[in-house]
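Chain and residue survey
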Amino acid sequence: MDVSDLKKNAKVELDGHPYVVVDFQFVKPGKGQGLYKCKLKNMITGAVLDRTWRSGEKFDAANVESRKMQFLFANDEQFTFMDTETYDQLEVSADIIGDDRHFLLDNLDTDVLFYNDRAVGVSLPSHVVMEVTETEPGVKGDTATNTTKSATVQTGYQVQVPLFIKQGEKIKIDTRTGDYVERVND
Amino acid sequence: MTLSLSDRVGLWDAALAAMRVSFRGRGLREVQTPTRVEAPAIEPFIEPIAAPPGFLATSPELWMKRLRCHGGGDMFQIAPVFRQGEIGDLHREEFRLLEWYRDGDGIQAITDDVERIVGAVFEAARPWVQRPVQAPERWRRVRFLDWLRDVLGLTLLGNESAADLVEAVGAVQPSLCEGLVDWGTAQPPADVARLHAWTAFFSNVCDQHLDRWLAERAGQGEGVHLEAFPAPLCALARLDGQGLALRVESHVGGRELANGYVELRDDRVQRRRFETVNGLRMLVGSPRLPIDAEFLADLASPGLPPTVGCALGVDRLIMLAVGAETLDAVALAPAGVGGAL
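Presented here is an overview of the structure given in this document. Quick caveat: nothing in here was measured; it's all calculated off a predicted structure.

Right, let's get into the nonpolar core. All names here are of chain B. Formed by 54 residues in total, the largest nonpolar core has its most connected members in Phe 144, Trp 147, Leu 148, Leu 156, Phe 201 and Leu 210. Per-element accounting of this core gives the leading share, 13 residues, to helix 6 (residues 190–219). Excluding anything up to four places from it in sequence, Trp 147 contacts Val 142, Leu 152, Val 205, His 209, Leu 210 and Trp 213. Counting 41 residues, the second largest nonpolar core, distinct from the first, contains Leu 3, Trp 12, Leu 98 and Leu 257.

So this is what it looks like as structure tokens:
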């Protein structure tokens, strides 16, 4: 593939291993060649490396296959998914899931990514709706500096939310940035 | 940092007004030239977007120079320009260039203009500043080859062939040689090879050293005018008596903001330069671009008066003026085509 297809979350194959782009920077002096500076994470070992491509170069896309599965439950070490057609269950280690664990709700339909038949990660929907399980009541007043407060959602994830959000309310979160998007009214 | 949409509208309004006032005060008149053009300015690493039967302009340069050939005088424009594939925190495919051309034969007039415009826009943007901004308190002029020698210990003449450049640079810092001689099985003509090597070298220098040095200067309140570039780095500039290009790059807040030139007026040299650049484009697998025959004809007759010109990134200047770090933070619309606000 052409390097112009590189972006965050792109899947790249290097030396026979699948990598996902976790950080990406396009750098270009006005009259010079563009450089695509990537931080790549090995989808199997979790090792991180830096790699810079020059504009015009090509890279190998990792052949990562996606299968629809439902997230069932998790413990500290394993996340269990179910193939909704065969009812087969699959355990994926927490290392592989990584930070995506913050957005996995029970019974969430998601895509599990496979490289050579080995689970290497999940592909989440771009937004999830979660319930705020804990947050301080918003205190009006110092709005010049304090426009947000911390809230915990049902997965234990902590996110900055506007002051008007109350415990028990549902909020939409962008899974790509981890940021609050909006309140959701049932 | 988050500016509301209304804030951003106010900011752009104030910044654009400040630019206009600044140029009108110096006698430059505002023009509007075609955005869809038959032939774009030909650059090694700038890709025009097709708009049949022509292209979207990557810069208003050729049209503005043509206007000057026909008596248009000193002029400026705030132009929409389009560059394929330039997407990142500091890049958008569609952005605005403040571009101006005036009578002159020295770089000083250009750098004076840049300093004045930067000052005016930083001043105008003050009501929207959300965090400390790095407004330049003073400006430093640096000659590129001198900088290479003083900061990197690399002594170059500025006209080295591709092979000589690789040898000289490799002896001092091999990492700067990445991608310099990447021709596959092609055997390019010497001038094309040299253009390619110097351009790749410059990109490496920026990425590995210059960007950081510029950021340090910005931290000390200094804007930087980088001038006297090696000829192989400048397709469209005149050369001085030492064979160095009369080109200046101005940097604010550690970011490249403007490119100025004493403009080339000789149509035959200009045609040769376009052809060399096309040669480089084909070497690296980019499409050959049509040469603007009308532009060359106007350069030949009636001819371009002695001209200095500059292009400045409007989006970037506005970003820097409020202390933001991405173009998105000050943009009025998402990058790309369409999208939600």
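Having seen it, we continue.
Right, let's get into the interface of chain A and chain B. In this assembly, 13 residues from chain A lie in contact with 23 residues from chain B. Each partner contributes to the roughly 1600 Å² buried at the junction of chain A and chain B, and carbon and sulfur atoms together form 49% of this total. A per-residue breakdown of the area chain A buries against chain B is headed by Phe 26, Lys 31 and Arg 54 of chain A, which together make up 43% of the total. At the boundary of chain A and chain B, one finds two salt bridges. One salt bridge connects Glu 86 of chain B with Lys 28 of chain A, and the closest N-O pair in it is separated by 3.1 Å. If you list the elements that add at least two residues to the side of chain A that touches chain B, you get strand 2 (17–27) and strand 3 (35–42) of chain A. It is strand 3 of chain A that contributes the most residues to the side of chain A that touches chain B, three residues altogether. When its residues are assigned to classes, the side of chain A that touches chain B shows five nonpolar, four polar and four charged.

Let us look at the pattern of salt bridges. All names here are of chain B. Applying the stated rule across the entire model yields 34 salt bridges over all chains. When the shortest N-O distance is used, the salt bridge between Arg 66 and Asp 298 registers 2.7 Å. Taken together, the residues span a long stretch of sequence, with Arg 66 in helix 2 (residues 61–69) and Asp 298 in helix 8 (residues 293–300) at a distance of 232 residues. Among the residues examined, Arg 66 registers a relative accessible area of 14% and is labelled buried. One salt bridge in this structure joins Glu 222 and Arg 217, with 3.5 Å as the shortest N-O distance. Three or more residues are tied together by salt bridges with common partners; here these are Glu 137, Arg 138, Arg 140, Glu 216, Arg 217 and Glu 222.

Residue and element names in this part refer to chain B. Counted by the stated rule, this structure contains 15 aromatic pairs over all chains. Here the aromatic rings of Phe 23 and Phe 76 are separated by 5.1 Å at their centres, their planes lie at 20 degrees, and the arrangement is stacked. With Phe 23 in helix 1 (residues 5–24) and Phe 76 in strand 5 (residues 75–82), the pair connects residues that are 53 residues apart, well separated along the chain. Phe 76 matches Phe 23 in its accessibility class, with the two residues each being buried. Every member of this aromatic cluster is reached through a ring pair, and the members are Phe 144, Trp 147, Phe 202, Trp 213 and Phe 229.

All names here are of chain A. If you trace the five strands from one edge of the open sheet to the other, you get 7-6-5-8-9, paired in antiparallel fashion. The sheet terminates laterally at strand 7 (89–93) and strand 9 (118–123), the two strands that pair on one side only. Across this sheet, the average inter-strand angle for adjacent strands is 45 degrees, counted without regard to direction. Inspection of the sheet shows strand 5 (residues 64–74) paired to strand 6 (residues 78–82) by four bridges, in the antiparallel sense. Bridge assignment links Phe 71 to a residue of strand 6, and that residue is Phe 81.

The next thing to look at is the pairing of strand 10 (residues 255–262) of chain B. Residues and elements named next belong to chain B. With seven of its eight residues buried, strand 10 lies for the most part within the structure. Relative to strand 10, strand 9 (residues 244–252) runs antiparallel, the two being bridged by six bridges. For Glu 249, the partnering residue across the bridge sits in strand 10 and is Asn 259. Where strand 10 and strand 11 (residues 307–313) come together, five bridges link them in antiparallel fashion. Bridging from a neighbouring strand, Gly 260 pairs with Cys 310 of strand 11.

Residues and elements named next belong to chain B. Contact geometry for helix 2 and helix 8: axes closest at 9 Å, N-to-C directions at 30 degrees. The angle between the axes of helix 2 and helix 8 places the two elements in the roughly parallel class. Here helix 2 runs over helix 8; the crossing is left-handed. Along its contact with helix 2, which presents Leu 62, Lys 65, Arg 66 and Cys 69, the element helix 8 presents Glu 294, Phe 295, Asp 298 and Leu 299. Split into classes, the residues belonging to the contact of helix 2 with helix 8 amount to four nonpolar, no polar and four charged.

Residue and element names in this part refer to chain A. Note that Gly 46 resides in the loop between strand 3 and strand 4 (48–54). Looking at Gly 46, the relative accessible area reads 32%, which means it is partly exposed. For the pair Gly 46 and Tyr 115, spaced 69 residues apart in the sequence, the C-alpha separation amounts to 14 Å.

Residues and elements named next belong to chain A. Read from one edge of the open sheet, five strands run 12-11-10-13-14, paired in antiparallel fashion. Each edge of the open sheet carries a strand with a single partner, namely strand 12 (158–162) and strand 14 (180–184). Neighbour-to-neighbour, the strand axes of the sheet open up by a mean angle of 50 degrees, direction not taken into account.

This next bit is on the environment of Asp 298 of chain B. All names here are of chain B. For Asp 298, a relative accessible area of 8% corresponds to the buried category. Separated by 220 residues in sequence, Asp 298 and Ile 78 have C-alpha atoms that sit 23 Å apart. Not counting chain neighbours up to four residues away, the residues in contact with Asp 298 comprise Arg 66, Cys 69, His 70, Gly 303 and Leu 304. A polar atom in the side chain of Asp 298 sits 3.0 Å from the side chain of His 70.

Residue and element names in this part refer to chain B. Packing of helix 7 (residues 267–283) against helix 8 brings their axes to within 8 Å, and their N-to-C directions diverge by 155 degrees. Considered as vectors, helix 7 and helix 8 are oriented roughly antiparallel to each other. Only Phe 295, Leu 296, Leu 299 and Ala 300 of helix 8 make contact with helix 7, whose side of the interface consists of Asp 267, Gln 270, Arg 271 and Phe 274. Taken together, the residues of the contact of helix 7 with helix 8 sort by class into five nonpolar, one polar and two charged.

Bringing helix 1 of chain B into the picture now. All names here are of chain B. In a regular helix each residue adds 1.5 Å, so 20 residues correspond to 28 Å; helix 1 covers 29 Å between its end C-alpha atoms and thus fits that length. Within the sequence span of helix 1, burial applies to Arg 8, Leu 11, Trp 12, Ala 14, Ala 15, Ala 18, Met 19, Ser 22 and Phe 23. What you see down the axis of helix 1 is that its buried residues fit within an arc of 165 degrees, all on one side. With respect to the buried face of helix 1, the exposed residues turned more than 90 degrees away are Ser 6, Asp 13 and Val 21. Looking at the packing, one finds that the buried side of helix 1 touches strand 5, strand 6 (94–103), helix 3 (107–124) and helix 9 (314–321).

Reading the values: rules and limits
Residues numbered from 1 in each chain as written. Chains lettered and ligands numbered in written order. Predicted model: local features only at pLDDT ≥ 70, side-chain atom pairs only at ≥ 80, totals over all residues. Heavy atoms only, no water. Core = buried A, V, L, I, M, F, W, Y, C linked by side-chain atoms within 4.5 Å. Buried < 20%, exposed > 50% of the residue type's maximum accessible area, 1.4 Å probe, protein only. Helix = DSSP H or I, 4+ residues; strand = E, 2+ residues; numbered from the N terminus. Contact = heavy atoms within 4.5 Å. Buried area = accessible area lost by both parts, 1.4 Å probe. Salt bridge = Lys/Arg side-chain N within 4 Å of Asp/Glu carboxyl O. Nonpolar A, V, L, I, M, F, W, Y, C, P; charged D, E, K, R; others polar. Phe/Tyr/Trp six-rings, centres within 6.5 Å; stacked < 30°, edge-to-face > 60°. Pairing = 2+ DSSP bridges. Axes fitted to C-alpha atoms, helices over the stretch in contact; angles between N-to-C directions. Parallel < 35°, antiparallel > 145°, perpendicular 65-115°, else oblique. Left-handed = near helix turned anticlockwise from the far one by under 90°. Polar contact = N/O pair within 3.5 Å; in protein donor to acceptor, adjacent residues only side chain to side chain. Expected span 1.5 Å × (residues − 1). Arc of directions from axis to C-beta.

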